[in-house]
Amino acid sequence: GVQLQGDLLKNKAGRYLLHYQVGVYNGEGINTKDADNRKDIIGGLWLMPVEGLRIGAFGWTGSRAGVGTKNRYALSAEYKANDWTFRSEYIHSTGMAFAKSINNFNDADAKNCNLNGKIGNKAQGVYALVIAPIISKKLYAKARYDMYEANGKTDMMKTQYEVGLNYNISKNFTILSEYAFVNDRTLADHNYSMADVEVCFRF
């Protein structure tokens with residue numbers, strides 16, 4: 001594909017207030033050739049009115065072989081200041097989904113247009129995240145709300161409530177821990193919990 005991007009409206013401090021990018025792309029995904037000879041148009045616009053604040057809008061219109069037209073958009077905001085981070089995003093999608101993941105557009109599921117008609121042609125989700133310093137540059141608490149509706153309705157809503165800690169032992173060594181309470185309305189038993197601990201080493 002071809003992409004154009006840049007920054008505009010530099011203020012007196014030398015910081016740009018607007019970033020844009022737009023591109024035209026082909027293909028059906030990573031390492032998959034174009035199957036329907038139609039192009040996707042993808043673009044985004046980010047406003048940075050004050051230091052640390054970014055407000056963005058993103059759009060994508062295109063198609064996939066066997067699915068037809070798909071449109072997506074997202075609205076996001078992020079604010080970083082005094083070692084705190086606040087971030088939130090809303091996403092919305094229209095267009096039919098495959099009944100299962102398609103990795104090869106030459107296989108039977110792709111050729112037979114095996115779509116998941118039960119969930120309709122809309123989906124949406126939202127998340128909100130806060131990361132707060134307990135010991136600056138060393139220990140952080142975090143909380144996140146995450147919701148996704150595969151059909152754009154509450155009867156298929158999956159919601160996660162997460163809390164956790166990040167501990168930076170050094171600039172290259174971090175321990176991350178999370179606990180999540182999950183409510184999944186597509187399951188007979190809606191509620192369950194997950195816990196996760198990760199070690200991250202950068203080199």
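Heads up: the structure comes first, above all this text.
Residues numbered from 1 in each chain as written. Predicted model: local features only at pLDDT ≥ 70, side-chain atom pairs only at ≥ 80, totals over all residues. Heavy atoms only, no water.

**What to know about the overall build of the protein**
Move 1: In terms of helices and strands, the protein carries one helix and 11 strands.
Move 2: The secondary structure elements of the protein, listed N-terminal to C-terminal, are β-β-β-β-β-β-α-β-β-β-β-β.
Move 3: For the protein, the residues scored as buried account for 28% of the 203 residues in total.
Move 4: Partitioning the intrachain contacts of the protein with sequence separation of at least 6 by distance along the chain shows that 37% fall at a separation of at least 24.
Move 5: Accessible surface, the protein as shown: approximately 13,000 Å² in total, 57% of it carbon and sulfur. (Helix = DSSP H or I, 4+ residues; strand = E, 2+ residues; numbered from the N terminus. Buried < 20%, exposed > 50% of the residue type's maximum accessible area, 1.4 Å probe, protein only. Contact = heavy atoms within 4.5 Å. Areas by Shrake-Rupley, 256 points an atom, 1.4 Å probe, with all protein chains shown as cover.)

**A closer look at the pairing of strand β4 (residues 53–64)**
Move 1: As judged from the seven bridges shared by strand β3 (residues 40–47) and β4, these two strands associate in the antiparallel manner. Note on β4: the bridge partner recorded for Ile-41 is Thr-61.
Move 2: Between β3 and β4, which pair antiparallel in sequence order, lie five residues; one of them, Gly-52, sits at a positive phi of approximately 90°.
Move 3: Across 12 bridges, the pairing between β4 and strand β5 (residues 68–81) is antiparallel. Paired with Phe-58 across the strands is Ala-74, a residue of β5. (Pairing = 2+ DSSP bridges.)

**Observations concerning the environment of Thr-174**
Move 1: Summarising the element assignment, Thr-174 is placed in strand β10 (residues 173–184).
Move 2: You can call Thr-174 buried: its relative accessible area is 4%.
Move 3: A sequence separation of 36 residues divides Thr-174 from Lys-138, and the C-alpha atoms of the two residues are 9.2 Å apart.
Move 4: Not counting the four nearest positions on each side in its chain, Thr-174 is found in contact with Tyr-167, Asn-168, Glu-198, Val-199, Cys-200 and Arg-202.

**A look at the sheet that holds strand β7 (residues 122–135)**
Sheet strands associate in pairs through backbone hydrogen bonding, adopting either a parallel or an antiparallel arrangement.
Move 1: Taken together, the 11 strands give an open sheet; going across it, the order is β1-β2-β3-β4-β5-β6-β7-β8-β9-β10-β11, and neighbouring strands pair in antiparallel fashion. Across the chains shown, the open sheet's two edge strands, defined by having one partner strand only, are β1 (2–10) and β11 (191–201). Between one strand and the next, the sheet's axes are offset by a mean angle of 10°, whatever the strand orientation. (Axes fitted to C-alpha atoms, helices over the stretch in contact; angles between N-to-C directions.)

**Examining the pattern of salt bridges**
Move 1: For the coordinates displayed, the defined rule picks out six salt bridges.
Move 2: Glu-78 is the salt-bridge partner of Arg-87, the closest N and O atoms lying 2.7 Å from each other.
Move 3: Residue classification places Arg-87 among the partly exposed positions, given a relative accessible area of 26%.
Move 4: By relative accessible area, Glu-78 is classed as buried at 12%.
Move 5: Residues Asp-83 and Lys-137 are paired through a salt bridge, measuring 3.8 Å at the closest nitrogen-oxygen approach. Residue Asp-83 is located in the loop between β5 and β6 (84–94), and its partner Lys-137 is located in the loop between β7 and β8 (139–149); the two are separated by 54 residues in the primary sequence.
Move 6: Taking relative accessible area as the criterion, Lys-137 reaches 60% and is therefore assigned exposed. (Salt bridge = Lys/Arg side-chain N within 4 Å of Asp/Glu carboxyl O.)

**Observations regarding the side chain of Thr-174**
Move 1: At 3.0 Å, the side chain of Thr-174 and the side chain of Asn-168 are in polar contact.
Move 2: A distance of 3.4 Å separates polar atoms of two side chains, one belonging to Thr-174 and the other to Arg-202. (Polar contact = N/O pair within 3.5 Å; in protein donor to acceptor, adjacent residues only side chain to side chain.)

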